2 protein chains.
Amino acid sequence: MLLTLTEPADVQMRLDYFETRCKELGLRVTRQRQEIFRAVAQSDKHPSAEAVFLQVRESMPNVSLDTVYRTLSSLEEMGLLMRVGLSSKARFDGDLRPHCHFVCTQCGEVYDIFPQENEQIACPLPARNIGEIKQINIQFKGICKNCRPQ
Amino acid sequence: MLLTLTEPADVQMRLDYFETRCKELGLRVTRQRQEIFRAVAQSDKHPSAEAVFLQVRESMPNVSLDTVYRTLSSLEEMGLLMRVGLSSKARFDGDLRPHCHFVCTQCGEVYDIFPQENEQIACPLPARNIGEIKQINIQFKGICKNCRPQ
DNA sequence: TTCCTTATTAGGAAAAATTACTATATGCTA
DNA sequence: TAGCATATAGTAATTTTTCCTAATAAGGAA
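Residues numbered from 1 in each chain as written. Chains lettered and ligands numbered in written order. Predicted model: local features only at pLDDT ≥ 70, side-chain atom pairs only at ≥ 80, totals over all residues. Heavy atoms only, no water.

Draft legend 1. Just the confidence of the model for chain A, in detail. All names here are of chain A. When pLDDT is averaged along chain A, the result is 86, and 85% of the positions lie at 70 or above. Summarising per-element confidence for chain A, the mean pLDDT is lowest in helix α5 (residues 127–130) (76) and highest in helix α3 (residues 49–59) (97). Residue range residues 1–8 is modelled with pLDDT below 50. Its contacts to residues more than four positions away, or to other chains, number 18 contacts. (pLDDT = per-residue confidence, 0-100. Helix = DSSP H or I, 4+ residues; strand = E, 2+ residues; numbered from the N terminus. Contact = heavy atoms within 4.5 Å.)

Shown next as structure tokens:
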């Protein structure tokens, strides 16, 4: 299985697509949602909620932090942006054998996935140019069988 | 590049190794550190700091939450356990093209890594049995060139 | 366009998660 | 075993995220 998501690079096109998606889902196209989506779509800095809040506040001084958090979460659910890593609290793993994690977005449960005998976890070459890699972390997010049987 | 870390499965062996590592690094072998390490090493539940705190408190009723947080972080630095995902606050990415992230553990900066033309991001087969995968998240942790030039 | 309905928001408060502080305790070296 | 420096408990503070409610505004109907 490969990742196949692609998205128009142009921000305006993505804003249009965002509106379409909102209407499909029966969500109102509010200025707050637009600006918050734009702030993330325009940035290549992987901004935090706080950073998005500060950015959006430039054009909407009264926007609330709650709205930013709420909107970021719903945009994530809509598949219009992604959260880097896990949300909320930290989880720890004492098993250092190479393996991946499946994280259920419903119940929060973390499952280990040990690769098959002949499977390899490969590291893209460009990573070496950015710095010294000390750890690899591979996560799959989705709904586990307990939460959605069958 | 492949992940090559392996660790003795037996908890007692790992505790011994933990002591050795502490001594190598000039860290004191305190009961708190032992119990906190044991709690994570024994568990297959990817416990949170809170969960570790509750577990350790069974045998050490006066252990403090601060000690748990501090110790988990230092155990991570020592390479004796790993943190699932990122620490602290959430970061968002509006670019949905398949790519990985390099996270600098020093400055917190997040760098994009786009795979080479012929590279593939593969998903271990067993993942399919756990649930429906909606997203793949690959992170590399380390020190970026800005923080440790050359 | 204007009105209505209901989803959404602002603002503030609260909760949850993590970190900082300091006096005390304790591991380790000699 | 004594002394010293590190580590801890207990608490407070900070940071991050979520909750609550009255007010607002989007989108559909008239």
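Next comes the rest of the write-up.
Draft legend 2. Layout of the protein's contact with DNA strand C. In the vicinity of DNA strand C there are 18 residues, among which Gln32(A), Thr67(A), Arg70(A), Arg28(B) and Tyr69(B) approach most closely. The sugar and phosphate moieties of DNA strand C supply 66% of its atoms located within 4 Å of the protein. In the model, a phosphate oxygen of DNA strand C is placed 3.0 Å from a nitrogen or oxygen of the Thr30(A) side chain. In the environment of DNA strand C, a phosphate oxygen lies 2.8 Å from a nitrogen or oxygen atom belonging to the backbone of Val29(B). Within the residue set of the surface near DNA strand C, elements represented by two or more residues are α2 (31–42) and α4 (65–77) of chain A together with α4 (65–77) of chain B. Taken together, the residues of the surface near DNA strand C sort by class into six nonpolar, five polar and seven charged. (Near = heavy atom within 4 Å. Polar contact = N/O pair within 3.5 Å; in protein donor to acceptor, adjacent residues only side chain to side chain. Nonpolar A, V, L, I, M, F, W, Y, C, P; charged D, E, K, R; others polar.)

Draft legend 3. Just the protein's contact with DNA strand D, in detail. Tyr69(A), Arg28(B), Gln32(B), Thr67(B) and Arg70(B) are the nearest of the 18 residues found near DNA strand D. When the atoms of DNA strand D within 4 Å of the protein are sorted by group, sugar and phosphate make up 67%. Within the contact set of DNA strand D, a base nitrogen lies 3.0 Å away from a side-chain nitrogen or oxygen of Asp66(A). Between DNA strand D and Asp66(B) there is a distance of 3.3 Å, counted from a base oxygen to a side-chain nitrogen or oxygen. Looking at the surface near DNA strand D, the elements with two or more residues in it are α4 of chain A together with α2 (31–42) and α4 of chain B.

Draft legend 4. Inspection of α3(A) at higher detail. Every buried residue belonging to α3(A) is among Ala49(A), Val52(A), Phe53(A) and Val56(A), and all of these are buried. Each buried residue of α3(A) lies within a common arc of 100° when the element is viewed along its axis, so the set occupies one face. Where the residues of α3(A) are buried, they touch α2 and α4 of chain A together with β2 (91–93) of chain B. (Buried < 20%, exposed > 50% of the residue type's maximum accessible area, 1.4 Å probe, protein only. Arc of directions from axis to C-beta.)

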